[in-house]
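Reading the structure
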Amino acid sequence: MPIRQLSETMINQIAAGEVIERPASVVKELVENALDAGASRVEIVTAGGGLNLIRVTDDGSGIPEPELALAIARHCTSKLAEDINDIRSLGFRGEALPSIGSVSRLSIRSRTAAGDSAAEIGIEGGRVLPVRPAAANRGTTVEVRDLFFATPARLKFMKGERAESSATSDVVKRIAIAFPAVRFTLAGPDRSTLELPATEDSAAGSLRRVAQVMGADFPDNSIAIDAGREGVRLTGHVSIPSFTRANALQQYAYVNGRPVRDKLIAGAIRGAYADVLPRDRHAVTVLFLTLDPAIVDVNVHPAKADVRFRDPGLVRGLIVGSIRQALADSGIRAATTGAAGMMAAFRPGAASYGHGGPANGHRSYDAASRASGPSGFDAARSPQRPLDMGFEGFEHRGFRENEQAAFDAGPLASADARAGQDEAAETLLGAVLGAARAQVHENYIVAQTRDSLVIVDQHAAHERLVYEALKNALHSRPVPSQMLLLPEIIDLPEEDAERLALHSETLARFGLGIERFGPGAVAVRETPSMLGETNVGQLVRDLADEIADNDTVDTLKERLDKIAATMACHGSVRSGRLLKAEEMNALLRQMEATPGSGTCNHGRPTYIELKLADIERLFGRR
């Protein structure tokens, strides 16, 4: 077949295949256009998951009537000057509208602030309709009907209406977080209405918008981030280690206000939480990177979802370092969701029984009497007996003060040991974890603060303390190494061998001695003593892969930290050990002074806090 020039419609449909993946992609492009036009209000309506209808209305600057025809032509835009390296808007290619119009029925109705009337233009499957007068308020309304009617094969790859609606909601929420001063509304017969009222464009307003999108729990369980390095600024909020999710869907990242799903940023977040989260849990984050547009390339992905940094190591180091520093500076905090779960467990009716019964979770009188039988009934033991019954000996086991005083002399029936009989010092009650009051089930320390009850898992808490001490000792000086009897020669691609050689000094600090051994090979002469017998070849190849991806050698550090975690688990206070009051209080004070002690090495919480107000609610006092 001879080479020939493709038609304009075919070119636009090919572009649509790259840019317009699903209805959510259309919503993303249209909402970004509205925001670039300076809109303070964006309303989105969908039907049929967005396949039947998508309508986006804004109150932005509008499009002058003479420019409507250019708006639907390829590579026509008002957002880009002559410098491709100075992109300061969300859109810049000028291909979204013609691409959408080539696979759907598209209409654009717009009016500028200076215009006396509005004008409308349409395009159906690539065929442009003439401009005509219309009635509209200031701003622009873009309506897309019958998406992919011109390319029916694409419809076979669409998911169900519910899935497409959910994807659209996610896109709108993701964009809305970056623009708190804009009011967003998402409605339609295929969904429940989503309304995000505008807030002020400030740090407090941004956090309120985050709460609108992610729920009120997140601000209460998050830490503010504000750091910078060499012209790159990082702001936002990250969750405390005990507030996590089962997936990474609630990790939002923005580069110069643009929502992105970048693997470098995701990897940096994972690395920052590596010590405090289990592998199957994910942090909740909202991070904003602000930097010179010239040092980040946003033109590397058709949908502009990925970016490329000129210095990825700088960005990764800033994210990891800032999050770890914030976690360390925030002190010890328990997630509010832990207290909520605790309250739910304490509420009447929470117990589960294997038979039907009253809603409050107690067996009925009939069930109890059937279980005991007529001969098993004892009126003197019945909880329904009146207090003035004249049973023999009742006077001796009554409720007089001198008889009740016996209960005050001994330990509580529900506790294995008491922390002490005297009131804790005022200074201890004012501490974050308060004063130890008891140890129950030989594993849980019950402590009291001025306004809460704290329950601590002694094994998990001490495990974290030992682990942090081991890590500090491990990384405060060069890691001891063991010399191999015979150097191990490992064949690698030339570029991997070169990368390892460049990082040989850093690897030596971790106890791994590497040097070049001719073309495409390295010789390993020393390995960290802590690793014992290890697969040196696999370790070196993993390091080479990580250096290629992230320009770091964290793999080796993580292996050493994992060994330290195992040592900490076996060397910490075991469950079942009785502790004295002084030991319990000493453990609480060490927890308060140790960063990250809110979770153990495996990511489980080390303590739960229940506020006095919550306890009073359980007893109906509030």
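Residues numbered from 1 in each chain as written. Predicted model: local features only at pLDDT ≥ 70, side-chain atom pairs only at ≥ 80, totals over all residues. Heavy atoms only, no water.

Attention shifts here to the overall build of the chain. From N to C terminus, the chain includes 21 helices and 26 strands. Within the chain, the fraction of its 622 residues that count as buried is 44%. For the chain, contacts bridging at least 24 residues in sequence account for 66% of all contacts bridging at least 6. Of the roughly 32400 Å² that the chain leaves accessible, carbon and sulfur atoms contribute 52%. (Helix = DSSP H or I, 4+ residues; strand = E, 2+ residues; numbered from the N terminus. Buried < 20%, exposed > 50% of the residue type's maximum accessible area, 1.4 Å probe, protein only. Contact = heavy atoms within 4.5 Å. Areas by Shrake-Rupley, 256 points an atom, 1.4 Å probe, with all protein chains shown as cover.)

Most of strand β8 (residues 183-187) sits out of view: 4 of its 5 residues are buried. Relative to β8, strand β1 (residues 41-47) runs parallel, the two being bridged by 5 bridges. Paired with Arg-41 across the strands is Arg-183, a residue of β8. Pairing of β8 with strand β9 (residues 194-196), which is carried by 3 bridges, proceeds in the antiparallel orientation. The residue bridging Leu-186 from the neighbouring strand is Leu-194, located in β9. Between β8 and β9, which pair antiparallel in sequence order, lie 6 residues; one of them, Gly-188, sits at a positive phi of approximately 150°. (Pairing = 2+ DSSP bridges.)

Our focus in this paragraph is the pairing of strand β21 (residues 444-448). Relative to β21, strand β20 (residues 435-440) runs antiparallel, the two sharing 5 bridges. What sits directly across from Ala-438, in β21, is Val-446. Two successive antiparallel strands, β20 and β21, enclose a turn made up of 3 residues, where His-441 displays a positive phi of approximately 55°. Summarising the sheet, β21 and strand β22 (residues 452-457) pair through 5 bridges and their orientation is antiparallel. The residue of β22 that forms the bridge with Gln-448 is Leu-453.

Looking now at the packing of helix α15 (residues 458-475) against helix α20 (residues 581-593). Between two packed helices, both the angle of their axes relative to each other and the distance between the axes serve to describe the pair. Where α15 meets α20, the axes come as close as 10 Å, and the angle between the chain directions of the two elements is 50°. Judged by the inter-axis angle, α15 sits oblique to α20. Remark: the crossing between α15 and α20 carries left-handed chirality. Residues Gln-458, Ala-461, His-462 and Leu-465 of α15 pack against Leu-587, Gln-590 and Met-591 of α20. Classifying every residue of the contact of α15 with α20 gives 4 nonpolar, 3 polar and no charged. (Axes fitted to C-alpha atoms, helices over the stretch in contact; angles between N-to-C directions. Parallel < 35°, antiparallel > 145°, perpendicular 65-115°, else oblique. Left-handed = near helix turned anticlockwise from the far one by under 90°. Nonpolar A, V, L, I, M, F, W, Y, C, P; charged D, E, K, R; others polar.)

Read across the open sheet, the 3 strands follow the order β23-β25-β24; overall the sheet is antiparallel. Lying at the two open borders of the sheet, with one neighbouring strand each, are β23 (481-491) and β24 (513-516). The average undirected angle you get between the axes of adjacent strands in this sheet is 20°. Bridge count for β24 against strand β25 (residues 521-528) is 4 bridges, and the pairing is antiparallel. For Glu-515, the partnering residue across the bridge sits in β25 and is Ala-523.

On to the nonpolar core. Counting residues in hydrophobic clusters, the biggest one holds 90 residues, and the most contacted among them are Val-42, Phe-184, Tyr-273, Leu-289, Phe-309, Ile-319 and Ile-323. In terms of residues, this core owes the most to one element, helix α9 (residues 312-329), which gives 8 residues. Of all hydrophobic cores here, the second largest spans 22 residues; its members include Val-479, Phe-510, Val-522 and Val-524. (Core = buried A, V, L, I, M, F, W, Y, C linked by side-chain atoms within 4.5 Å.)

For the structure on display, the rule yields 1 cavity of 30 Å³ or more. The space that makes up the largest cavity amounts to roughly 100 Å³. Around the largest cavity sit 13 residues that line it, and Pro-241, Gly-331, Arg-333, Gly-596 and Gly-598 are the ones nearest its centre. Residue composition of the lining of the largest cavity, by class: 5 nonpolar, 7 polar and 1 charged. (1 Å grid on protein atoms, 1.4 Å probe; cavity = no way out; pocket = protein on both sides within 12 Å on 5 of 7 lines; lining within 4 Å. Points joined across faces, edges and corners; volume = space filled by probe spheres on them.)

Once that is clear, we can look at the layout of surface pockets. Leftover empty space is mapped by rolling, across the atoms, a probe with the size of a water molecule. Approximately 1400 Å³ is the volume attributed to the largest pocket. Lining the largest pocket are 39 residues, with Arg-270, Gly-271, Ala-274, Arg-279 and Glu-558 sitting closest to its centre. Put simply, the parts of the chain that give the lining of the largest pocket at least two residues each are α8 (263-272), β15 (282-283), β18 (308-309), α9, α18 (536-550) and α19 (554-571). The biggest single contributor to the lining of the largest pocket is α19, with 9 residues. Of the residues assigned to the lining of the largest pocket, the class counts are 15 nonpolar, 9 polar and 15 charged. Taken together, 45 residues form the lining of the second largest pocket, with Asn-256, Gly-257, Phe-288, Leu-289 and Thr-290 sitting closest to its centre. A breakdown of the residues in the lining of the second largest pocket according to their chemical character gives 25 nonpolar, 11 polar and 9 charged.

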